[in-house]
Amino acid sequence: MREALIVGGANGIGLAIATLLAEDERFGRIHIVDRTEVAEEHRNTKFVFTRFDLRAEDYSIFDTFNDVDTLIITAGFGRLAHFEDIEEQHIVDSFDVNSIAPLRIIHHLYPRISAKEDFYCGVMGSIAGFLSSPLFAVYGATKAALKIFIESVNVELEMSGTTNRILNISPGSIKGTAFYNGANDLSITRQLAAEILKHLWAKDDLFIPQYDEVFREVLERYHADFRAEGRHSYEYKMQSGRVKKSNE
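Residues numbered from 1 in each chain as written. Predicted model: local features only at pLDDT ≥ 70, side-chain atom pairs only at ≥ 80, totals over all residues. Heavy atoms only, no water.

Novice: Mind showing me how you'd approach the overall build of the protein here?
Specialist: Helix and strand content of the protein: six helices and seven strands. When its helices and strands are written in sequence order, the protein yields β-α-β-β-β-α-β-α-β-α-β-α-α. Over its C-alpha atoms the protein spans a radius of gyration of 18 Å, differing by no more than 12% from the 18 Å that the globule rule assigns to 248 residues. The C-alpha extent of the protein, read off along each of the three principal axes, is 50 × 45 × 35 Å. (Helix = DSSP H or I, 4+ residues; strand = E, 2+ residues; numbered from the N terminus. Rg over C-alpha atoms; globule rule 2.2 N^0.38 Å.)

As structure tokens, then:
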């Protein structure tokens, strides 16, 4: 039986992916590594939970998952705010969790990712890693770092002769998650989770949900005039009502 490891699988899209994998008869155990447990209403007998804070110094725990052939990293967080209202510790924690943690985890499992045997790896990036994202500057910077890392390592994997790739999953805002203090709603995230797995099994290296419907035009505008698109993004976010100052 196959085994999967989902880092950040207790909530959001990670939980939706874990749930779909648990329904797949090819999989026995679904290892979930997160700092919080899966809520009781979403638990599954295939889930094996390990509590871990990605800000920790010791990552040797990731040397113990010897039987997994699927690694999906969805853990991450962000805060929509002006840079002047962001605390310095938030900057440090953001890079530790969003950028450094995926690199460290992949480094621990890299012998299997780079092997000739099939291994499936996906990392949750963001469309914010592809273009300027005012009011999301720190988050966007962490995801831009992931983008370049994934693109670079995928070339190394290709040149080494393996067919394995790291899938960069880069959506915009995802409904049905707790990212913006919402609630997990698997009925909403299930379809996106299925699309992610489709691209994962195909060993694709990039998946931007709603690319043709939304983000092709956005990226074209950005490359044509990144300053103008940045101003457009700023105004859109300010009008959303989600931007809060630190004293509010």
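Novice: Mind showing me how you'd approach the pattern of salt bridges here?
Specialist: Applying the stated criterion across every chain yields a total of 14 salt bridges. D24 serves as the salt-bridge partner of R26, at 2.6 Å between the closest nitrogen and oxygen. Across the salt bridge formed by D118 and K203, the nearest N and O atoms sit 2.6 Å from each other. Of this pair, D118 sits in the loop between α2 (88–113) and β5 (120–124) while K203 sits in the loop between α4 (186–201) and β7 (206–207), and the two are 85 residues apart along the sequence. (Salt bridge = Lys/Arg side-chain N within 4 Å of Asp/Glu carboxyl O.)

Novice: Help me understand the side chain of R2, please; the structure alone is not making it clear to me.
Specialist: Assignment of secondary structure puts R2 in strand β1 (residues 2–7). Its relative accessible area of 19% is what places R2 among the buried residues. Each residue touching R2, except ones within four places of it in the same chain, is listed here: R26, F27, G28, R29, D69, T70, Y120 and W201. (Buried < 20%, exposed > 50% of the residue type's maximum accessible area, 1.4 Å probe, protein only. Contact = heavy atoms within 4.5 Å.)

Novice: Before we go on, may I ask you to explain the sheet that holds β1 in this structure?
Specialist: Two pairing modes exist for strands in a sheet, parallel and antiparallel, and in both the strands are linked by backbone hydrogen bonds. Reading across from one edge, β3-β2-β1-β4-β5-β6-β7 is the order of the seven strands in this open sheet, with parallel pairing throughout. Each end of this open sheet is capped by a strand with a single partner; those strands are β3 (47–51) and β7. Across two bridges, strand β6 (residues 166–169) lies against β7 in parallel orientation. Among the inter-strand pairings, I169 is bridged to a residue of β7, identified as F207. Its contacts with the sheet place helix α3 (residues 137–160) against β5 and β6, and it is angled at close to 155 degrees to β6. Seen against the sheet, α4 touches β1, β2 (27–34), β4 (68–73), β5, β6 and β7 and runs at an angle of roughly 135 degrees to β5. (Pairing = 2+ DSSP bridges. Axes fitted to C-alpha atoms, helices over the stretch in contact; angles between N-to-C directions.)

Novice: Help me out: how do you make sense of the nonpolar core in this one?
Specialist: As a rule of thumb, nonpolar side chains are buried together in soluble globular proteins. Counting residues in hydrophobic clusters, the biggest one holds 28 residues, and the most contacted among them are I13, I17, L21, I30, F47 and I196. Listing elements by their share of this core, those giving two or more residues are β1, α1 (12–23), β2, β5, β6 and α4. Per-element accounting of this core gives the leading share, eight residues, to α1. Not counting residues up to four positions away in its chain, the partners in contact with F47 are L15, A18, T19, A22, I30, I32, V38 and H42. One finds L54, L71, L109 and V123 within the second-largest nonpolar core, a separate group that totals 27 residues. (Core = buried A, V, L, I, M, F, W, Y, C linked by side-chain atoms within 4.5 Å.)

Novice: Sorry if this is basic, but what is going on with the packing of α2 against α3 here?
Specialist: What describes two packed helices is the angle between their axes and the distance between those same axes. Contact geometry for α2 and α3: axes closest at 9 Å, N-to-C directions at 15 degrees. Classified by the angle their axes make, α2 and α3 are roughly parallel. Where α2 crosses over α3, the two elements pack in a sense that is right-handed. Residues H90, I91, S94, F95, N98, S99, P102, L103, I106, Y110 and I113 of α2 lie in contact with α3, whose contacting residues are V138, Y139, A141, T142, A145, L146, F149, V153, E156 and L157. Counted by class, the contact of α2 with α3 contains 15 nonpolar, five polar and one charged residues. (Parallel < 35°, antiparallel > 145°, perpendicular 65-115°, else oblique. Left-handed = near helix turned anticlockwise from the far one by under 90°. Nonpolar A, V, L, I, M, F, W, Y, C, P; charged D, E, K, R; others polar.)

Novice: Before we go on, may I ask you to explain the pairing of β4 in this structure?
Specialist: In the case of a regular strand, side chains alternate between the two sheet surfaces. Most of β4 sits out of view: six of its six residues are buried. By the bridge criterion, five bridges tie β1 to β4 in an arrangement that is parallel. Looking at the pairing, I6 lines up with I72 of β4. Note: β4 against β5, four bridges, orientation parallel. Each bridged residue has a counterpart across the sheet, and for I72 the counterpart in β5 is G122. Once the chain exits β4 it traverses α2 before rejoining the sheet at β5, and the crossover so formed is right-handed. (Right-handed = clockwise from strand over helix to strand, strands pointing away.)

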